[in-house]
Amino acid sequence: MVCSAWPYASNVPHLGNLIGSLLSGDVFLRYYRLKGYEALHVSGSDTHGTHIEYEAFKRRISPRELATTVHQQILEILKAFEIDMFYTTTEHPTHYRFIQEIYLKMEANGYIFPRDEERAYCASCQKFLADRFIQGTCPRCGSPNAYGNQCDDCGALLEPEELLQPKCRICGKDEIIFKRTRNWYLDLPKLEPELRAFLTSRAFGENVQRFTEGLLAQGLRPRAVTRDLEWGIPAPFAGAAGKVFYVWAENALGYVSATIQSFADRADPEGWKEFWLTDEAKHIYTQGKDNIPFHTIFFPAQLLASREGYHLPDQISATEFLNWIGGAQFSKTRGVGIYCDEALKLLDPILWRFYLLYARPEKKDVDFSWEELEKAVNGVFIGNISNLVNRVIALANRLYDGRVEATVEGRVLEEIERTKREVEREIEGGALAGALRRITELALFGNRYFQEERPWEGERPGVLASGLQLVKALGILLEPFVPSFSKAVYRMLNLERPTFADIARVTPEFRVERAVPLLQKIKVEEIERRYAALKGDGSSR
């Protein structure tokens, strides 16, 4: 079960969103399918919350109109980037029904309770201000850009009432008062012993573990699950008329509702239970580091509170941030960075896939770089990998008419088997960039081997067979990362649906098709010019 964080339907994802969740999830899905597992990848458009309301307010359209439009754009982006998944929306009736049912179970089990409180209220707009409708200074780090649910700069989870110098983002005024209302809370302190036991039982990555331990050290507090908003899923609790679920309180649960929906669509309404109500399943979650607490604390707490026996997360592969040049944050309104719809106008998506996965920010934040894009695409993907594929297949055709039958050299097989083991270890440990870089090292080995052995000088069928074995291994290893490239390699090698086990399995005879150009080198200066024209202000750096 691969679950990727749900993109907000307030705008199309940028490249950082893409690598942090959806693209990384696709690699895990394809890898495990290649190994023969039944695997499902789910996500969807997060259509509720003040992100959507605020953006719709600015555009003078309804939240539903905005969410529907962006959802369709994301579907097109997923197709273009070859991301294989069941992608839905939090507006789907299955999601509504599931959210209301699971919260009633949590309430019946004693984990949901009401609390009367005073909440931030704009006297000018006459509106309660939840998360993104209110902005102020973070009480933890002092950033002036904190919102009512989270400070994006330090990652602190906040309530609107904690902000210093708060202002309403709708009218821009500071006429904030505190008005009495009632909301419903998830009793996290009551669940804390079970959460700690769960976290102790998992070997999450260093950044995930560190972030989560920091939250636990502060002590868990009850967290509101309802808000006084107009747009969202109505809360089903007695006396909760006019309340909707806070966006954080329902979007992660969409992993379950999406799975239910996917099996219902294929007329197997009970099939989803094999993924969620069993210890036999393995669950992998992909998201940026800002989503860590929602996947290590809040989502497991919701599942535990239901007492339905849901499988809890096994692996959380959270990236650091991919930022824009100079460390700037992506912003479509300010024209900063590249968003997925723009990326498709600049470069073949298979090249974007390679660059983003090669540069995946796994240990620290990474800044986008035109220079690194050129190195990854021209130097590594084309100059190293694609070059080896073409030269080996072209030579097999020229010298042996596309038919090579010979013994593969032992040192080549050893290198292939070593690479296979290391790629398995890297991917199953959550390090996709590490795995891809290990694959590129196998291609470097292959190019050196071919150059040293010089099979074009005399009869050297064993070298060609070894080269073709390397090409086959590279094609299979790369399938989770650049699937259309691998499929082109399969066609030239006459391979039909190879598996991960075939990587090190010796092919006794190769019958190859004519070599065809797989990729063309990019001219990064031209791409920069097109980017500047796309932005309309020349700000490519």
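Model, not experiment: these values are computed from the prediction.

Summarising burial for strand β14 (residues 315-319): 5 of the 5 residues are buried, a large majority. The side-chain alternation of β14 yields two buried faces, one formed by Gln315, Ser317 and Thr319 and the other by Ile316 and Ala318. Across 5 bridges, the pairing between strand β13 (residues 284-288) and β14 is parallel. The residue of β14 that forms the bridge with Ile284 is Gln315. What joins β13 to β14 is helix α10 (residues 292-306), and the crossover it makes is right-handed.

Before going further, it helps to examine the sheet that holds strand β10 (residues 223-224). In spatial order, the strands read β5-β4-β9-β10; together these 4 strands make up an open sheet with antiparallel pairing. In this open sheet, the two strands that pair with only one neighbour each are β5 (127-128) and β10. Across 11 bridges, strand β4 (residues 112-122) lies against strand β9 (residues 176-186) in antiparallel orientation. What sits directly across from Tyr121, in β9, is Ile177.

Next up on the list: the packing of helix α1 (residues 15-34) against helix α14 (residues 410-428). With their axes 11 Å apart at the nearest point, α1 and α14 run at an angle of 135° to one another. Comparing their axes, α14 and α1 come out oblique. Viewed along their axes, α1 and α14 form a crossing whose handedness is left-handed. Touching Phe28, Tyr31 and Tyr32 of α1 are Glu424, Ile427 and Glu428, all from α14. Looking at the contact of α1 with α14 residue by residue, the classes come out as 4 nonpolar, no polar and 2 charged.

Time to look at the packing of aromatic side chains. One pass over the structure, following the stated rule, counts 40 aromatic pairs. Between Trp324 and Trp370 the ring centres are 6.2 Å apart and the planes differ by 85°, which places this aromatic pair in the edge-to-face class. Within this pair, whereas Trp324 is found in the loop between β15 (322-323) and α11 (340-346), its partner Trp370 is found in helix α13 (residues 370-400), the two being separated by 46 residues in sequence. Through a chain of ring-to-ring contacts, the aromatic side chains of Trp6, Phe98, Tyr255, Trp272, Trp276, Tyr285, Phe299 and Tyr310 assemble into a single cluster. Directly above the ring of Tyr358 sits Arg437, whose terminal nitrogen or CZ lies 3.8 Å from the centroid.

Another point: the nonpolar core. Judged by nonpolar contacts, the single largest core of 109 residues is most densely connected at Ile338, Trp352, Phe481 and Phe485. Counting residues per element, this core draws most heavily on α13, which supplies 15 residues. Of all hydrophobic cores here, the second largest spans 61 residues; its members include Leu40, Tyr96, Leu157 and Phe263.

Rules behind the numbers
Just so you know, the residues in each chain are numbered from 1, in the order the chain's sequence is written. Predicted model: local features are reported for residues with pLDDT of at least 70 only, side-chain atom pairs are reported and counted for 80 or more only, and whole-chain, interface and lining totals are derived from all residues. Think of the side-chain values as coming from all heavy atoms in the structure, minus any hydrogens and water. Remark: exposure states derive from per-residue accessible area (1.4 Å probe, protein chains only) relative to the maximum for the residue type, with buried under 20%, exposed over 50%, and partly exposed in between. The way it works is that DSSP assigns letters per residue, a run of H or I at least four long becomes a helix, a run of E at least two long becomes a strand, and they are numbered from the N terminus. When DSSP finds two or more bridges between two strands, those strands count as paired. The definition of a right-handed crossover adopted here requires that, viewed with the strands pointing away, the path from the first strand over the helix to the second runs clockwise. Here an angle of 0 to 180 degrees is reported between the N-to-C directions of two axes, which are lines fitted to C-alpha atoms, with helices fitted over the stretch in contact. In these notes the angle categories are as follows: under 35 degrees is roughly parallel, over 145 is roughly antiparallel, 65 to 115 is roughly perpendicular, and the rest is oblique. The handedness criterion is simple: a crossing whose near helix is rotated anticlockwise from the far helix by less than a right angle is left-handed, and one whose near helix is rotated clockwise is right-handed. Contacts are assigned to residue pairs with any non-hydrogen atoms lying within 4.5 Å of each other. Side-chain classes follow a simple rule in which Ala, Val, Leu, Ile, Met, Phe, Trp, Tyr, Cys and Pro form the nonpolar group, Asp, Glu, Lys and Arg form the charged group, and the remainder, Gly included, forms the polar group. Ring pairs are drawn from Phe, Tyr and Trp, using the six-membered ring of Trp, whenever the two centres fall within 6.5 Å, and their geometry is named by plane angle: stacked under 30 degrees, edge-to-face over 60, tilted for the rest. The rule for a charge over a ring is simple: NZ of Lys or CZ of Arg within 6 Å of the ring centre, and within 35 degrees of the ring normal. Side-chain atoms within 4.5 Å link the members of a nonpolar core, which is a set of buried Ala, Val, Leu, Ile, Met, Phe, Trp, Tyr and Cys residues.

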